[in-house]
Amino acid sequence: MPKFLILTVLLIFSTLVSTEANPYALPRLRQQYQQAAASKEAGEKFHKLMSAYTRQDAVVLAYKAAAEAIRARDASMLSKLTYVQQASKQFEQAVQLDASNPEVRFLRLSVESNLPSFLGLSQHVDEDRQFLLKTLLNHPNSGLDAESFGLVRNFLVERGHVSDADAQKLARL
C-alpha cells in the first residue's frame, strides 16, 4: 500500500510540474487566449509565445492561428490582411490534423465569425457551427471538458449561432 501511495503522489506531482513547465499546456493556452482577446498587451504576449511553437499538435496550432488573428486585430491597416491570411492557413493545417476536434473547430469559428465577409475568409462558419452544435448536443460524450463545453455553448448562444430551439436544448445540458 505505501508503494502505491508513493507512486500516486509522484505521478500527480510530475503531472503538475510538466503542466507548469509546458507553456503550451491546454489549460494555460485557454486562459491566455481569453486574456489576449480582451487586451492588446496580453495579445502581444500570446502572439510571441505562439509564434515560437513549431510542433504539429492540432489544438495548439489552432491557438497559434487564433494568436495570428488577434495580432491582426491590433495591427496597422496594412498588416491586418497578412495576419488574417496566415491565421486562415494555420487553421486549415490544424483542421487537417484533427477535423473532429471540437476545440479546433471552436477556435476557427470564433475567429472566422468575426471577420468581415468581404475578405472571403469566413467560409467555414456554417460548417463549424453545425459541427459544434451536434457535438454539444452529445454532451457529456462531446469530447469537451465541462469548462470548454460551457465556453463553446455560451459562445454559440450569446453570438446567435444557434436557433432559439437549439439554445433551449443546450441550456438543459
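As a reminder, the structure under discussion sits directly above these lines.
What counts as what
- Residues numbered from 1 in each chain as written.
- Predicted model: local features only at pLDDT ≥ 70, side-chain atom pairs only at ≥ 80, totals over all residues.
- Heavy atoms only, no water.
- Axes fitted to C-alpha atoms, helices over the stretch in contact; angles between N-to-C directions.
- Helix = DSSP H or I, 4+ residues; strand = E, 2+ residues; numbered from the N terminus.
- Parallel < 35°, antiparallel > 145°, perpendicular 65-115°, else oblique.
- Left-handed = near helix turned anticlockwise from the far one by under 90°.
- Contact = heavy atoms within 4.5 Å.
- Nonpolar A, V, L, I, M, F, W, Y, C, P; charged D, E, K, R; others polar.
- Core = buried A, V, L, I, M, F, W, Y, C linked by side-chain atoms within 4.5 Å.
- Buried < 20%, exposed > 50% of the residue type's maximum accessible area, 1.4 Å probe, protein only.

Attention now goes to the packing of helix α5 (residues 77-97) against helix α6 (residues 102-112). In the contact formed by α5 and α6, the axes pass within 10 Å of each other and the chain directions differ by 155 degrees. Relative to α6, the element α5 lies roughly antiparallel. Here α5 and α6 pass one another in a crossing that is left-handed. The segment α5 lies against α6, with Phe-91, Glu-92, Ala-94 and Val-95 engaging Val-104, Arg-105, Leu-107, Arg-108 and Val-111. Along the lines of polarity and charge, the residues of the contact of α5 with α6 split into 6 nonpolar, no polar and 3 charged.

Counting 39 residues, the largest nonpolar core has Phe-46, Met-50, Tyr-63 and Leu-156 as the members making the most contacts within it. Breaking this core down by element, the ones donating at least two residues are α2 (26-38), α3 (40-51), α4 (58-74), α5, α6, α7 (125-137), α8 (146-158) and α9 (164-171). Here this core gets 11 residues from one element, more than from any other, and that element is α4. What Met-50 contacts, discounting residues up to four positions off in sequence, is Tyr-24, Leu-29, Val-60, Tyr-63, Lys-64 and Ala-67.

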